[in-house]
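A look at the structure
What follows is the residue order along each chain.
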Amino acid sequence: QTTLRNRKQFECSVCFADYDEHLAITCVFMKKRRNTPLPGEVGPTEEELVKEKKEEERGQGELHKFCSECVIGHARAAQEQQVILRAGIGIKCMEPGCTNALLRAHIEQVLDAQTRAMLDPLLSYEALLAANCDDVVKCQRCPFAGAMADKEEQPVFVCGDSACGHSHCRKCGRDYDEKHIGRTCEELDTEAMRKRVEEQTMFKCPRCKKGIVKTEGCNKITCVCGQFSCYVCKQAIEEYEHFQEYTSGSKCSLNVNPTNRTENGRLATLKEQIAGAADEEIKEQLRRLM
């Protein structure tokens, strides 16, 4: 009968603590698959075959054992450290320089529910890529991924993770929310362009850069930050002295509405953007704003 004293143990290759042998998660050597050369293709050279043979012998001879806690920590860092292996068979061995794998079937036995929920979508994504699916789409907010038809047929991706449930448009990349539902990507592009132009032409406080909309009153603007500015020339001013030397066409008026000047500035900005736009669709969207 085996006692606790003579039970076989192993040393974890990461934390160097001793554990019972039956609790070890051991890396596994994965032999590389080599496709049969097609007619006319050149097969591997003798040097390449010798190199592969040495790698195989080294991989089979250097098997590393890890405790469950170290494996869990390694799995939790999978997303940031990119340790997922191709085809989603598992994660990389933690031993520096080792190309072996910690198989998915082995590590899942020790993972807690939260870590497994994080790791499974990452492994599944790699498996989908390895299956040569035409359109593998990944959620923008979590690791979940799925194979979908062409984006013209299925333009909206809905995350299958119930804890996430995020949806995005595959055509434009925007969130598929109340702003997008019932509206085309082109309509949203035009709206975004309009807002961009408005922001560029909107009066902004010269101190804090907050946008200000003047609906009535004189051209002396008082921002919430306390800065006085002129609505005509957009410059910071001191009280009303800025307007005292007003003469038509030379200085800023306290009461004359500069609407035409603002509109001219907006149109000038639009013309500059149209001239600098390389895409004809963008040019057309800008022309609609004029």
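Note that the structure is a prediction, hence the values are computed from the model and not measured.

1. What to know about the overall build of the protein chain
A tally of regular secondary structure across the protein chain gives 8 helices and 14 strands. Burial analysis of the protein chain (290 residues in total) assigns 31% to the buried set. Excluding contacts between residues fewer than 6 apart, the proportion of contacts in the protein chain whose partners are at least 24 apart in sequence is 41%. Approximately 19400 Å² of the protein chain is accessible, and the part contributed by carbon and sulfur atoms is 47%.

2. A look at the packing of aromatic side chains
Here the structure, examined in full by the defined rule, presents 3 aromatic pairs. Between phenylalanine 144 and phenylalanine 157 the ring centres are 6.4 Å apart and the planes differ by 40°, which places this aromatic pair in the tilted class. Pair noted here: phenylalanine 144 is in the loop between strand E7 (136-138) and strand E8 (145-147) and phenylalanine 157 is in strand E9 (residues 156-158), with a separation of 13 residues, a long-range link. Among the residues examined, phenylalanine 144 registers a relative accessible area of 25% and is labelled partly exposed. Look at phenylalanine 203 and tyrosine 231: their rings are 5.2 Å apart centre to centre, the planes differ by 45°, and that puts the pair in the tilted class. You can see phenylalanine 203 sitting in strand E11 (residues 203-204) and its partner tyrosine 231 sitting in the loop between strand E14 (228-230) and helix H7 (259-276), a full 28 residues away along the chain. The exposure classification of phenylalanine 203 matches that of tyrosine 231, with both residues buried.

3. Some details on the state of the cysteines
Going through the model one piece at a time under the given rule, you end up with 0 disulfides. Looking at cysteine 172, it has no disulfide partner, and the nearest cysteine sulfur is the one in cysteine 185, 3.6 Å off. Left without a disulfide partner, cysteine 252 is nearest to the cysteine sulfur of cysteine 230, which lies 3.7 Å away.

4. Details of the nonpolar core
Formed by 24 residues in total, the largest nonpolar core has its most connected members in Phe66, Ile84, Ile91, Leu102, Ile107 and Leu119. Breaking this core down by element, the ones donating at least two residues are helix H2 (68-76) and helix H5 (113-130). If we skip the residues at most four places from it in the chain, phenylalanine 66 touches Phe10, Cys12, Ser13, Val14, Leu23, Ala24, Ile25, Val71, Cys93, Met94, Glu95 and Leu102.

5. Brief notes about H5
In this model, H5 (18 residues) spans 26 Å end to end at C-alpha, consistent with the 26 Å of a helix rising 1.5 Å per residue. Close packing links the buried residues of H5 with H2, helix H3 (78-81), strand E5 (90-92), helix H4 (104-107), E7 and E8. Phi turns positive one or two residues past the end of H5, at asparagine 132, with a value near 60°.

Conventions used here
- Residues numbered from 1 in each chain as written.
- Predicted model: local features only at pLDDT ≥ 70, side-chain atom pairs only at ≥ 80, totals over all residues.
- Heavy atoms only, no water.
- Helix = DSSP H or I, 4+ residues; strand = E, 2+ residues; numbered from the N terminus.
- Buried < 20%, exposed > 50% of the residue type's maximum accessible area, 1.4 Å probe, protein only.
- Contact = heavy atoms within 4.5 Å.
- Areas by Shrake-Rupley, 256 points an atom, 1.4 Å probe, with all protein chains shown as cover.
- Phe/Tyr/Trp six-rings, centres within 6.5 Å; stacked < 30°, edge-to-face > 60°.
- Disulfide = S-S within 2.5 Å.
- Core = buried A, V, L, I, M, F, W, Y, C linked by side-chain atoms within 4.5 Å.
- Expected span 1.5 Å × (residues − 1).

Spatial relationships are all this shows, so hold off on functional conclusions.
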